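# Structural overview
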Amino acid sequence: MDIELQETYQEKAMKQLQADADKIAQLIKVQMDHLTMPQCPLYEEVLDTQMYGLSREIDFAVKLGLIERERGKEILSLLEKEMNILHELYTKK
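The structure presented is a predicted model; accordingly, all values stated were derived computationally and were not measured. Each residue is numbered by its place in its chain's sequence as written, counting from 1. Where totals are concerned, whole chains, interfaces and linings use all residues; where local detail is concerned, this predicted model gives features only for residues with pLDDT of at least 70, and gives and counts side-chain atom pairs only at 80 or more. Values shown for side chains rest on all heavy atoms present in the structure; no hydrogens or waters enter the calculation.

## Some details on the overall build of the protein chain
Helix and strand assignments come from DSSP, with helices taken as H or I runs of at least 4 residues and strands as E runs of at least 2, each series counted from the N terminus. Along the protein chain, the regular secondary structure elements total three helices and zero strands. Across the protein chain, helices and strands are ordered from the amino to the carboxyl terminus as α-α-α. Burial classes: relative accessible area under 20% of the type maximum marks a residue as buried, over 50% as exposed, and values in between as partly exposed (1.4 Å probe, protein chains only). Counting over 93 residues, the protein chain shows a buried share of 29%. Two residues form a contact once any of their heavy atoms are found within 4.5 Å. If you take every contact in the protein chain between residues at least 6 apart in sequence, the share linking residues at least 24 apart comes to 68%. Summed over its atoms, the accessible surface of the protein chain is roughly 6700 Å², and 56% of this surface lies on carbon and sulfur atoms. Accessible areas in this description were obtained via Shrake-Rupley with a 1.4 Å probe; residue shielding takes into account the shown protein chains only.

Listed below in structure tokens is the structure:
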């Protein structure tokens, strides 16, 4: 595979992973705005499923050499930090 094509795939992979992480962040924001309690089992189940799915996507992209493992960890870490911030903001309401 030539270098340009590889870079294109890497860019597309990063854009898709970031888009999926952004969707999860948006889901968190919407849920926090509409739930009466942040420990709702359905909310936690959906969030856990989405986070697991994203982690599997990242693992797949790493295995294909499309992203570095550290970059994948960074995506998940930033999303987890955002979840914690939103949770803290909600519990302070």
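## What to know about helix α1 (residues 3-34)
In a helix, the anticipated span is given by 1.5 Å times the number of residues less one. Given a rise of 1.5 Å per residue, 32 residues ought to cover 46 Å, and the 47 Å separating the end C-alpha atoms of α1 matches this to within 8%. Ala13, Leu17, Asp20, Ala21, Ile24, Ala25, Ile28 and Met32 are the residues of α1 that are buried.

## A short note on the pattern of salt bridges
Just to be clear on terms, a salt bridge is a Lys or Arg side-chain nitrogen sitting within 4 Å of an Asp or Glu carboxyl oxygen. Taken as a whole, this structure holds four salt bridges when the rule is applied. Taking the shortest distance from any N to any O, the salt bridge between Lys73 and Glu70 comes out at 3.8 Å. Of this pair, Lys73 and Glu70 both sit in helix α3 (residues 69-92), three residues apart, which is roughly one turn of that helix. Of the charged contacts in the structure, one is a salt bridge between Glu74 and Arg71, with a shortest N-O distance of 3.0 Å. Taken together, the positions of Glu74 and Arg71, both in helix α3 and three residues apart, correspond to about one turn of that helix. The partly exposed category is assigned to Arg71, whose relative accessible area is 28%. Within this structure, Arg56, Asp59 and Arg69 form a network of salt bridges that share partners.

## A look at a negative patch on the surface
Every patch collects residues that have over 30% relative accessible area and no salt bridge, joining them within 9 Å if they carry like charges and within 5 Å if they are nonpolar side chains (Val, Leu, Ile, Met, Phe, Trp, Tyr). Under this rule, positive means Lys or Arg and negative means Asp or Glu; His and the chain ends count for nothing. For the purpose of locating charges, the reference atoms are NZ of Lys, CZ of Arg, CG of Asp and CD of Glu. Residues Asp2, Glu4, Glu7 and Glu11 make up a contiguous surface patch of negative charge. Assignment of secondary structure puts Asp2 in the segment before α1.

## Focus on the side chain of Ser55
For Ser55, the position within the fold is in helix α2 (residues 41-63). One polar contact links the side chain of Ser55 to the main-chain carbonyl oxygen of Tyr52, over a distance of 2.7 Å. Polar contacts, as used here, are pairs of N or O atoms within 3.5 Å; protein pairs need one atom able to donate a hydrogen and one able to accept it. Residues neighboring in sequence count only if both atoms are side-chain atoms.

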